[in-house]
Amino acid sequence: MKILIFFVIFIFFCGNSEGKEIFYWKINTTQKVVFLTFDDGPGEYTEVILDILKKYNIQATFFVLGECVKYRKDVLKRIVSEGHSIGNHTYSHKNFYQLSKKMSREELKNILQQEIKKTQQEVFEIVGSTLVFVRLPNGFYHKWVEDILKDTGYKIINWTFGYDWHNVSKEELAKRYCSALQPGGIYLFHDGGKNRQKTLFALEKFIQYCISQGYKFAKLEDYIK
């Protein structure tokens, strides 16, 4: 479902030439460079993921939930201290696709603004960071989201490939990520939510494959200004 949602977003966006400077699903480059991103944390598996990233000297972006941040302050501090970036994934992971079926546009705008603001406040109080990247739950995107964010300095980050919410074996999961490797790819994994043991396996296999193919890893802000 999440893959389908993303492609709907992508098709819609490609037909809209406005605002490309704040919406990214990949980085436009021919360099062998990729970007790792993690959603829904900080969670039970965040520190294990940090250990993996440290092992390979990789920096990534963690799109955090405000409701998780306040209970895992030390983990958030570790993310920052080890040189990773933090992105805003809203406060409580509301499903804006579902909400849009029963709420007015103004109601949705108000909810989204509050969700983003609350997470920014939580993060700033803990680590003093002002966030510049936002990824909405389920990759939600609409022109009105861009209208809200275009004057805030936020960049909307979706993804090139993500699959770790599907019920496949850990080997199949790793294979799918490796098959999706491409220059400038933004790869979505999860460090929060349900059991992420398969994610841990696939992540390390994907990292090893990228390295074997001559790819480097970078932070989004190195390519998005």
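Everything discussed here concerns the structure shown above.
Residues numbered from 1 in each chain as written. Predicted model: local features only at pLDDT ≥ 70, side-chain atom pairs only at ≥ 80, totals over all residues. Heavy atoms only, no water.

### Some thoughts on helix α2 (residues 46-55)
Among the residues of α2, Thr 46, Ile 49, Leu 50, Ile 52 and Leu 53 are the ones counted as buried. Down the axis of α2, the buried set is contained in an arc of 160 degrees. They therefore lie on one face. Of the exposed residues in α2, those oriented more than 90 degrees away from the buried face are Lys 54 and Lys 55. Where α2 is buried, its residues contact β2 (33-41), β3 (61-64), α4 (73-81), β8 (186-190) and α9 (197-212). Once α2 finishes, Asn 57 follows within two positions and takes phi at roughly 55 degrees, a positive value. (Buried < 20%, exposed > 50% of the residue type's maximum accessible area, 1.4 Å probe, protein only. Helix = DSSP H or I, 4+ residues; strand = E, 2+ residues; numbered from the N terminus. Arc of directions from axis to C-beta. Contact = heavy atoms within 4.5 Å.)

### Re the pattern of salt bridges
Tallying each qualifying case throughout the model produces ten salt bridges. Between Asp 51 and Arg 78 there is a salt bridge; the shortest N-O distance is 2.6 Å. With Asp 51 in helix α2 and Arg 78 in helix α4, this residue pair connects regions lying 27 residues apart in the sequence. Taking the relative accessible area as the measure of exposure, Asp 51 reaches 43% and is therefore partly exposed. Between Asp 147 and Lys 150 there is a salt bridge whose closest N-O contact spans 3.9 Å. (Salt bridge = Lys/Arg side-chain N within 4 Å of Asp/Glu carboxyl O.)

### Describing unusual backbone geometry
For the bond from Gly 41 to Pro 42, the omega torsion is 0 degrees, close enough to zero to count as cis. Here Pro 42 is to be found in the loop between β2 and α2. Unusually for a residue other than glycine, Asp 40 sits at a positive phi of about 80 degrees. Tracing the chain through its elements places Asp 40 in strand β2. Although it is not a glycine, Asn 57 sits at a positive phi angle of roughly 55 degrees. Along the chain, Asn 57 turns up in the loop between α2 and β3.

### So, the packing of α2 against α9
For any two helices packed against each other, one specifies the crossing angle of their axes together with the interaxial distance. Orientation of α2 relative to α9, taken along the N-to-C sense of each, is 15 degrees, at an axis distance of 11 Å. In terms of orientation, α2 and α9 fall into the roughly parallel class. Here α2 runs over α9; the crossing is right-handed. Here Val 48, Ile 49, Ile 52, Leu 53 and Lys 55 of α2 come into contact with α9, specifically with Leu 200, Leu 203, Glu 204 and Ile 207. In terms of residue class, the contact of α2 with α9 is made up of seven nonpolar, no polar and two charged. (Axes fitted to C-alpha atoms, helices over the stretch in contact; angles between N-to-C directions. Parallel < 35°, antiparallel > 145°, perpendicular 65-115°, else oblique. Left-handed = near helix turned anticlockwise from the far one by under 90°. Nonpolar A, V, L, I, M, F, W, Y, C, P; charged D, E, K, R; others polar.)

### So, the nonpolar core
Among soluble globular proteins, nonpolar side chains are generally buried collectively. Leu 36, Phe 38, Leu 53, Phe 62, Tyr 177, Tyr 187 and Phe 206 are the most contacted members of the largest nonpolar core, which totals 55 residues. At six residues, α9 tops the list of elements feeding residues into this core. Contacts of Leu 53, omitting those with residues within four sequence positions, involve Leu 36, Phe 38, Ile 58, Ala 60, Phe 62, His 84 and Ile 207. Core analysis: the next-biggest nonpolar cluster, separate from the first, contains 14 residues, Tyr 24, Val 33, Phe 133 and Leu 188 among them. (Core = buried A, V, L, I, M, F, W, Y, C linked by side-chain atoms within 4.5 Å.)

### Digging into helix α6 (residues 105-127)
The terminal C-alpha atoms of α6 lie 33 Å apart, and with 23 residues this matches the ideal 33 Å at 1.5 Å per residue to within 8%. Every buried residue of α6 is accounted for by Leu 108, Leu 112, Glu 115, Ile 116, Thr 119, Gln 120, Glu 122, Val 123 and Ile 126. One or two steps after α6, the chain reaches Gly 128, where phi turns positive at roughly 70 degrees. (Expected span 1.5 Å × (residues − 1).)

### Some words on the pairing of β8
Of all five residues that make up β8, five are buried, and the element is covered over most of its length. The alternating pattern of β8 places Ile 186, Leu 188 and His 190 on one face and Tyr 187 and Phe 189 on the opposite face, and all of these are buried. Pairing of strand β7 (residues 161-162) with β8 involves two bridges; the strand directions are parallel. Of the residues in β8, the one forming a bridge with Phe 161 is Tyr 187. With respect to chirality, the unit in which β7 leads through helix α8 (residues 170-179) into the neighbouring parallel β8 is right-handed. (Pairing = 2+ DSSP bridges. Right-handed = clockwise from strand over helix to strand, strands pointing away.)

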